[in-house]
Amino acid sequence: MSNASSVATLQLIEVSKSFGPVVALRSGSLEARAGSIHALVGENGAGKSTLVKIVAGVYRKDAGTFLIDGEPVDFGSTAESKAAGIAVIYQEPTLFPDLSVTENIFMGRQILGRGRRIDKGAMHTEAERLFKSLGVHIDPRRPALGLSIADQQIIEIAKAISLDAKVLIMDEPTAALSGVEVERLFTVARQLRDEGRALVFISHRFDEVFALCDTVSVMRDGSYIETLAIAETSVGEIVNLMVGREIAELFPKQETEIGDIVLSVENLTSAGIFHDVTFTVRRGEIVGLAGLVGAGRSEIARAVFGVDRYDAGTVTMKGTKVPQRNPRGAIKSGMAFIPEDRRQQGLVTEASVAANISAVIRESLTRAGLLTRSVENRAVAPWASRLEVKTNALDAAAKTMSGGNQQKVVIAKWLASQPDLLIIDEPTRGIDVGTKAEVHRLLSELAGRGVAVLMISSELPEILGMADRVLVICEGRLTAEFSREEATPERVMHAATATQEVAS
Ligand SMILES: Nc1ncnc2c1ncn2[C@@H]1O[C@H](COP(=O)(O)OP(=O)(O)OP(=O)(O)O)[C@@H](O)[C@H]1O
Ligand SMILES: [Mg+2]
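Residues numbered from 1 in each chain as written. Chains lettered and ligands numbered in written order. Predicted model: local features only at pLDDT ≥ 70, side-chain atom pairs only at ≥ 80, totals over all residues. Heavy atoms only, no water.

Looking at an unreviewed UniProt entry, the protein carries the name Sugar ABC transporter ATP-binding protein, with the source organism given as Kribbella pittospori. A UniProt comment under Subcellular location (unreviewed entry) is attached to the protein, and it reads "Cell membrane". (UniProt positions renumbered as here; feature names shortened; annotations may be inferred.)

In structure tokens form, the structure reads like this:
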């Protein structure tokens, strides 16, 4: 239990930060207490990550108060922040891939043995002890390369504990994790709380906030709004504080006439990844690809679009066979593909927002070899504004956008290409609650205009709310197909875990 009378371990009061003319943080306040998990929520671009980066010593605040254990601090580097007992876990950890797990944990502070030689054995033993205390199994001797994001995060946490961090901040740590991995992370987080550390947790998923956190602070437009006890609030109340307006219906599914087959996938097989997958997507139809994380859904999508190779089977668009491993050919055939990992696979971070959105349609905008900024801005502005990517940001470099806004830019890019088939992997992951509804409305509208949509999602409500037909993938195989009427949470979950049940 937190001790209300004690001084907060971490406290920020009316902290601000601007980048040139852009006010990233207007008036951010945050308090984290020992023995408590504190949620920080807000729409994309609200200033959450900027606040975290000030605490982490990445940025220096322009104004405001920043206290650790009641003492004013102002970190000029990440090293100063670490030394003060602060650890930050980002969505994409930054381990050194070629170094071992142990070397990553003890980076820059080796345990010395006799003769002041680095005692590798002692370091491995200590790493093993740390993992054991966290109840996880990771081989400390293996290289970091090839570890799952979930394991990399646990290693960052182990490092934080070995540095005896008293504040642990996690900025959207669950975005790339499977259900089981999220549970493991939460178990570790609760243990750290019970040890008396102060935790801050950022997420766009309210179920996670309610499952894990004790208190929640809401931010909007760079400012602190309110702090509430989780036990005394509701999703509705938090959402209202976050967006400051009424939210449209989350699944605005419109009735659409379903037409001819656009995409036909037959007996698609990639050894060890997916087997004998056959399905179609029709004009005006939203087909939901359901299943557990790791079932092979993204791999199927990548093969269909020609990013990855496959061993057997065919992909046909509007009656014409699409050659394999040829994304350019796939785009020509009328496909668009919005990958799951949008920031890494879909964005040129150095280029402007406008240039990113126009990337696929640039050719059609170019006149006599020239593309003027005004033509480009005019073409991309409607897509940007539909996704609430602020249009005054069109000339800014994509890397200056918040995480969620970068995702929206990639979605806008593919919508602007006006495809016959849109493949979208986890359409609303990392996207705030207000824009989620907008993404759903866009998908529904695209279908209404005759676009065939293949939507992969791990969120069952999203699948059930948006899909005309649900295909369930389990361990690389298509295990069930349901019409919109037939699809229930129980049926889909059962099919998604089918072979595992048989095996056990
Ligand atoms: N280095 C930068 N240069 C210019 N603007 C920036 C920079 N970093 C952040 N911003 C702007 O500051 C605002 C807040 O961004 P921030 O990343 O803190 O949002 P966030 O709340 O973490 O959003 P998300 O939920 O999408 O991750 C955004 O409008 C963003 O474009
Ligand atoms: Mg962020």
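With that settled, consider the overall build of the protein. A count of helices and strands for the protein gives 19 helices and 20 strands. In summary, the protein has a C-alpha radius of gyration of 24 Å against a globular reference of 23 Å for 504 residues, a match within 12%. Taken along the three principal axes of its C-alpha coordinates, the protein extends 70 × 55 × 50 Å. A separation of at least 24 residues holds for 67% of the contacts in the protein among residues at least 6 apart in sequence. In the protein, which carries 56 positive and 64 negative side-chain charges, the distance between the mean positions of the two groups comes to 6 Å. (Helix = DSSP H or I, 4+ residues; strand = E, 2+ residues; numbered from the N terminus. Rg over C-alpha atoms; globule rule 2.2 N^0.38 Å. Contact = heavy atoms within 4.5 Å. Lys, Arg positive; Asp, Glu negative; His and termini not counted. Charge placed at Lys NZ, Arg CZ, Asp CG, Glu CD.)

Another aspect to go through is the site of ligand 1. Taken together, 20 residues lie around ligand 1, and Lys48, Thr50, Thr400, Ser402 and Gly404 are the ones closest in. A distance of 2.7 Å separates an oxygen atom of ligand 1 from a polar atom in the side chain of serine 402. Protein burial of ligand 1: of its 640 Å² of free accessible surface, 86% is covered by the chains. Of the pockets mapped on this structure, ligand 1 occupies the largest pocket. Going through the elements one at a time, strand S2 (22–32), helix H1 (48–55) and helix H15 (403–416) are the ones with two or more residues in the shell around ligand 1. By residue class, the composition of the shell around ligand 1 is 6 nonpolar, 11 polar and 3 charged. Two domains each donate at least three residues to the shell around ligand 1, and these are domain 1 (10–95 + 147–243) and domain 3 (348–414). (Near = heavy atom within 4 Å. Polar contact = N/O pair within 3.5 Å; in protein donor to acceptor, adjacent residues only side chain to side chain. Areas by Shrake-Rupley, 256 points an atom, 1.4 Å probe, with all protein chains shown as cover. 1 Å grid on protein atoms, 1.4 Å probe; cavity = no way out; pocket = protein on both sides within 12 Å on 5 of 7 lines; lining within 4 Å. Sits in = over half its atoms within 2 Å of the grid points. Nonpolar A, V, L, I, M, F, W, Y, C, P; charged D, E, K, R; others polar. Domains from an automatic or database assignment.)

It is worth spelling out the pairing of strand S4 (residues 63–68) at this point. Examined bridge by bridge, strand S1 (residues 10–19) and S4 share 5 bridges and lie antiparallel to one another. The residue bridging glutamine 11 from the neighbouring strand is leucine 67, located in S4. (Pairing = 2+ DSSP bridges.)

Turning our attention to the layout of surface pockets. There is about 1,600 Å³ of room inside the largest pocket. Contributing to the lining of the largest pocket are 49 residues, with Gly45, Thr400, Met401, Ser402 and Gly403 lying nearest its centre. Those elements that place two or more of their residues in the lining of the largest pocket are S2, H1, helix H8 (235–243), helix H11 (342–345) and H15. Broken down by class, the residue content of the lining of the largest pocket amounts to 14 nonpolar, 19 polar and 16 charged. Domain assignment of the residues forming the lining of the largest pocket places at least three in each of domain 1 (10–95 + 147–243) and domain 3 (348–414). (Points joined across faces, edges and corners; volume = space filled by probe spheres on them.)

Let us now look at the pattern of salt bridges. Scanning the model with the defined rule gives 26 salt bridges in all. For arginine 129, the salt bridge goes to glutamate 126, with nearest N and O atoms at 2.9 Å. Within this pair, arginine 129 and its partner glutamate 126 are both found in helix H4 (residues 120–134), separated by 3 residues, close to a single helical turn. Judged by relative accessible area, glutamate 126 falls into the partly exposed class, the value being 22%. (Salt bridge = Lys/Arg side-chain N within 4 Å of Asp/Glu carboxyl O. Buried < 20%, exposed > 50% of the residue type's maximum accessible area, 1.4 Å probe, protein only.)

Let us look at the environment of asparagine 240. With respect to the helices, strands and loops of the structure, asparagine 240 is situated in helix H8. Along the primary structure asparagine 240 and threonine 269 are separated by 29 residues, whereas in three dimensions their C-alpha atoms are 46 Å apart.

With that settled, the discussion passes to the sheet that holds strand S12 (residues 274–282). Strand order in the open sheet formed by 4 strands is S12-S11-S14-S15, with antiparallel pairing between adjacent strands. Each having just a single partner strand, S12 and strand S15 (320–321) make up the two edges of the open sheet. With respect to the sheet, helix H9 (residues 297–305) is in contact with strand S11 (261–270), S12 and strand S14 (312–317), its orientation differing from that of S12 by roughly 70 degrees. (Axes fitted to C-alpha atoms, helices over the stretch in contact; angles between N-to-C directions.)

Turning next to the nonpolar core. Note on soluble globular proteins: their nonpolar side chains tend to be buried together. Counting residues in hydrophobic clusters, the biggest one holds 79 residues, and the most contacted among them are Leu263, Met335 and Leu422. Sort the elements by how many residues they give to this core and H15 lands first, with 7 residues. Both of domain 2 (247–334 + 419–504) and domain 3 (348–414) provide at least three residues apiece to this core. (Core = buried A, V, L, I, M, F, W, Y, C linked by side-chain atoms within 4.5 Å.)

Okay, H9 next. Across the 9 residues of H9, 7 count as buried, placing the element largely inside the fold. Restricting attention to buried positions, one finds in H9 the residues Arg297, Ser298, Ile300, Ala301, Ala303, Val304 and Phe305. Following H9 by one or two positions, glycine 306 adopts a phi angle in the positive range, close to 90 degrees.

Phi at aspartate 69 takes a positive value of approximately 50 degrees, unusual for a residue other than glycine. Looking at the secondary structure, you find aspartate 69 in the loop between S4 and strand S5 (71–72). Residue classification places aspartate 69 among the partly exposed positions, given a relative accessible area of 39%.

All right, on to the sheet that holds strand S19 (residues 469–474) then. The strand order S16-S17-S18-S13-S19-S20 describes an open sheet built from 6 strands, whose pairing is mixed. Two strands in the sheet have a free side with no partner beyond their single neighbour: strand S16 (335–338) and strand S20 (477–483). Neighbouring strand axes in the sheet, compared pairwise and without regard to direction, differ in orientation by 15 degrees on average. Bridge count between strand S17 (residues 421–425) and strand S18 (residues 452–456): 5 bridges; the pairing is parallel. Its bridge partner lying in S18, leucine 422 is registered against valine 453.

Taken as a whole and judged by the stated rule, the model has 5 aromatic pairs. Plain terms: the ring middles of phenylalanine 305 and phenylalanine 337 are 5.2 Å apart, the flat faces sit at 40 degrees to each other, and that makes the pair tilted. Of the two residues, phenylalanine 305 sits in helix H9 while phenylalanine 337 sits in strand S16, which places them 32 residues apart along the sequence. Its relative accessible area of 5% is what places phenylalanine 305 among the buried residues. The buried category is assigned to phenylalanine 337, whose relative accessible area is 5%. Members of the aromatic cluster, joined through ring pairs, are Phe305, Phe337 and Trp414. (Phe/Tyr/Trp six-rings, centres within 6.5 Å; stacked < 30°, edge-to-face > 60°.)

Taken N-terminus to C-terminus, the directions of H4 and helix H5 (residues 149–162) make an angle of 105 degrees; their axes are 10 Å apart at the nearest point. Viewed along their axes, H4 and H5 adopt a mutual orientation that is roughly perpendicular. Each of Leu130, Phe131 and Leu134 in H4 lies in contact with H5, whose residues at this interface are Ile154, Ile155, Ile157, Ala158, Ile161 and Ser162. Residues that form the contact of H4 with H5 fall into these classes: 8 nonpolar, 1 polar and no charged. (Parallel < 35°, antiparallel > 145°, perpendicular 65-115°, else oblique.)

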